[in-house]
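Okay, here's what each chain looks like letter by letter:
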Amino acid sequence: MFAEKHTEFEIDIDTGTYRLATRFSRFHNLPELTALFASVADFHIVDKSVGVPDFNGYTDTITDRSEDFKDYLKVISQRADDVRNRRVKRNEDNLLLITTDGRKAALDMRLIDDKLHRATGGKVVKCARNVYDIYKKYDDIKAAQLVFCDYSTPKAGFNIYDELRELLVGLGVPDYEIAYIHSATTEKSREKLFKAVREGKIRVLIGSTFKLGLGVNVQDKLIAIH
């Protein structure tokens, strides 16, 4: 009743082929849609009085593909072809699993094979450098930063959290100024952690969208989100 569909080509999950995809593209009867939605939702205007910090936009960071990642993309492409042509059973491999592996590989190839070496131009290295540059730039006011990472949370063996922490410490950030949201397992410990961030005692807080994106009050000294 309120939207029109549009079909066009888009890059497939293996990044090497195209597929036809249908999505909503144009909306109409918006007053009626708004009235319908308003029957189940409340609207609140966010203004200066609520203390939400100003947002000055995104800065995208581009990283080069490593040779290992280029080779793995060929594996991803072959796996996708095998699934589409039903050469493998769905319980052995499927497009959801392929997409997940692709996202892990794009983040860090060591999430696929932890025996590989650190890529000098990889995402985690770039993130660490960006965090450190901002850390030094706003060192006088003890500004804080948040890093969101939903894959490879803290665990035994290689993971992105410990990797980022090791890189930051190597650049010069004191270990005691870096924290994981996962370490705060109770409401009391969460409040203690958030207070430390607001006071500039914790300068880099790392966490997942679910744990770090809900009910987090740390904006007093917050200067950047990665």
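Going by the structure above, here's the rest.
This text gives an overview of the structure that appears in the document.

Turning our attention to the environment of Leu-168. Tracing the chain through its elements places Leu-168 in helix α5 (residues 160-171). The exposure class of Leu-168 is buried, given its relative accessible area of 0%. The spatial distance from the C-alpha of Leu-168 to the C-alpha of His-6 is 46 Å, given a sequence separation of 162 residues. Excluding its chain neighbours within four sequence positions, the residues that come into contact with Leu-168 are Ala-128, Val-131, Tyr-132, Val-173, Ile-178 and Val-204.

Quick look at the sheet that holds strand β4 (residues 178-180) now. In spatial order, the strands read β4-β5-β3-β6; together these 4 strands make up an open sheet with parallel pairing. The open sheet has two edge strands, β4 and β6 (222-225), and neither has a second partner. Here the average twist between neighbouring strands, direction ignored, is 20 degrees. Together, β3 (144-148), β4 and β5 (204-207) form the strand contacts of α5, whose direction differs from that of β4 by roughly 175 degrees.

For the structure on display, the rule yields 15 salt bridges. One salt bridge connects Arg-87 with Asp-82, and the closest N-O pair in it is separated by 2.8 Å. One salt bridge in this structure joins Glu-166 and Arg-118, with 3.4 Å as the shortest N-O distance. One end of the pair, Glu-166, is in helix α5; the other, Arg-118, is in the loop between α3 (95-107) and α4 (123-137), and 48 residues separate them in sequence. Each of Asp-108, Arg-110, Arg-118, Glu-163 and Glu-166 takes part in salt bridges that share partners, so that together they form one network.

Time to look at a nonpolar patch on the surface. Taken together, the side chains of Phe-9, Ile-11, Tyr-18 and Leu-20 present a nonpolar region at the surface, about 510 Å² in accessible area. Listed by contribution, the elements that provide at least two residues to the nonpolar patch are β1 (3-11) and β2 (18-27).

Where empty space is left can be seen by rolling a probe of water-molecule size over the atoms. The calculated volume of the largest pocket comes to roughly 1,700 Å³. Considering the residues around the largest pocket, the lining is formed by 46 residues, among which Tyr-58, Leu-146, Ala-224, Ile-225 and His-226 are closest to the centre. At the level of elements, α3, α4, β3, α5 and β6 are the ones that each hand at least two residues to the lining of the largest pocket. No other element matches the 7 residues that α4 contributes to the lining of the largest pocket. Looking at side-chain class alone, the lining of the largest pocket contains 27 nonpolar, 12 polar and 7 charged residues. Computed from the structure, the second largest pocket encloses a volume of approximately 330 Å³. Forming the walls of the second largest pocket are 21 residues, and the residues nearest its centre are Asp-64, Ser-66, Ala-106, Ala-119 and Gly-122. Of all the elements in the fold, those that place two or more residues in the lining of the second largest pocket are α2 (67-84), α3 and α4. Taken together, the residues of the lining of the second largest pocket sort by class into 9 nonpolar, 5 polar and 7 charged.

What counts and how
- Residues numbered from 1 in each chain as written.
- Predicted model: local features only at pLDDT ≥ 70, side-chain atom pairs only at ≥ 80, totals over all residues.
- Heavy atoms only, no water.
- Helix = DSSP H or I, 4+ residues; strand = E, 2+ residues; numbered from the N terminus.
- Buried < 20%, exposed > 50% of the residue type's maximum accessible area, 1.4 Å probe, protein only.
- Contact = heavy atoms within 4.5 Å.
- Pairing = 2+ DSSP bridges.
- Axes fitted to C-alpha atoms, helices over the stretch in contact; angles between N-to-C directions.
- Salt bridge = Lys/Arg side-chain N within 4 Å of Asp/Glu carboxyl O.
- Patch = residues over 30% accessible without salt bridge, like charges linked within 9 Å, V, L, I, M, F, W, Y side chains within 5 Å.
- Areas by Shrake-Rupley, 256 points an atom, 1.4 Å probe, with all protein chains shown as cover.
- 1 Å grid on protein atoms, 1.4 Å probe; cavity = no way out; pocket = protein on both sides within 12 Å on 5 of 7 lines; lining within 4 Å.
- Points joined across faces, edges and corners; volume = space filled by probe spheres on them.
- Nonpolar A, V, L, I, M, F, W, Y, C, P; charged D, E, K, R; others polar.

Don't take any of this as a statement about function, it's just geometry.
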